[in-house]
Amino acid sequence: MNDADDGHGQPGKEVNGTEETSTAVPGAGEPDEQKKAYADLNDRFLRLAADFENYKKRSERDRASLVAMANERFAIDLLEVLDNMDRALKADDAHLHEGVVQIHQLLNDQMLRHGVRPIDSLKKTFNPAEHEAIAHVPSDEPAGTIIDEISRGYRMHERVIRFAKVAVSKGNLKDQEA
């Protein structure tokens, strides 16, 4: 008896104690229908891939546009400071200091509005995540204390964008000699 006679290998028949199920795709029996189903799936895949590429390009353009608009707003705010600086330079010497003080305050306000904040350093303990030590000098302050700020540091939205350049105490010379 051969396999065809005993029903082995036929879909829906029992083979080796398990029932075999048909894996045929509906409409897959005809070669023309298979070709049409393949073409439809391939077309859907290609459209989906193209849509995804377009989405990636659009997202990148939108992100670049947002960055440009943010930079534009910041530049517009700084132009106000520049205008005031031009006015101060045209003023007589008696009002120059007052004008510069006002411009300094305006610039600080603009920076704060954009999330740029100064790092307070004087009399604080040296922190390499915020400070850059450019001098190590003896003083009456405890070792590791910042005694002078040469260049102020800044952070923008909790991220340090410029480290403060500082002079750090190495302690009192009398204490070091004892």
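Preceding this section is the structure that the text describes.
Everything numeric in this text was worked out from a predicted model, so none of it was measured. (Residues numbered from 1 in each chain as written. Predicted model: local features only at pLDDT ≥ 70, side-chain atom pairs only at ≥ 80, totals over all residues. Heavy atoms only, no water.)

How should I be thinking about a nonpolar patch on the surface in this particular structure?
Among the surface-exposed residues, Ile76, Leu79, Leu82, Met85 and Leu89 lie close enough to one another that they form a single nonpolar patch of about 480 Å² accessible area. Relative to the assigned elements, Ile76 resides in helix α2 (residues 31-90). (Patch = residues over 30% accessible without salt bridge, like charges linked within 9 Å, V, L, I, M, F, W, Y side chains within 5 Å. Areas by Shrake-Rupley, 256 points an atom, 1.4 Å probe, with all protein chains shown as cover. Salt bridge = Lys/Arg side-chain N within 4 Å of Asp/Glu carboxyl O. Helix = DSSP H or I, 4+ residues; strand = E, 2+ residues; numbered from the N terminus.)

Hey, could you run me through α2 in this one?
Along an α-helix, a turn takes 3.6 residues, which lines up residues three or four apart on a common side. In this model, α2 (60 residues) spans 87 Å end to end at C-alpha, consistent with the 88 Å of a helix rising 1.5 Å per residue. Along α2, the positions that sit buried rather than exposed are Asp77, Val81 and Ala88. In the core, the buried residues of α2 are packed alongside α3 (93-113). (Expected span 1.5 Å × (residues − 1). Buried < 20%, exposed > 50% of the residue type's maximum accessible area, 1.4 Å probe, protein only. Contact = heavy atoms within 4.5 Å.)

Would you explain unusual backbone geometry in this entry?
A negative phi angle characterises most non-glycine residues, just as the trans form characterises most peptide bonds. One non-glycine residue, Lys123, adopts positive backbone phi at about 65°. Examined against the element boundaries, Lys123 turns out to sit in the loop between β3 (116-119) and β4 (131-137). Owing to a relative accessible area of 56%, Lys123 belongs among the exposed residues under this scheme. One non-glycine residue, Glu158, lies in positive phi territory at about 75°. Along the chain, Glu158 turns up in the loop between β6 (153-156) and β7 (159-162).

Note that every value here comes from positions in space, so none of it alone points to a role or purpose.
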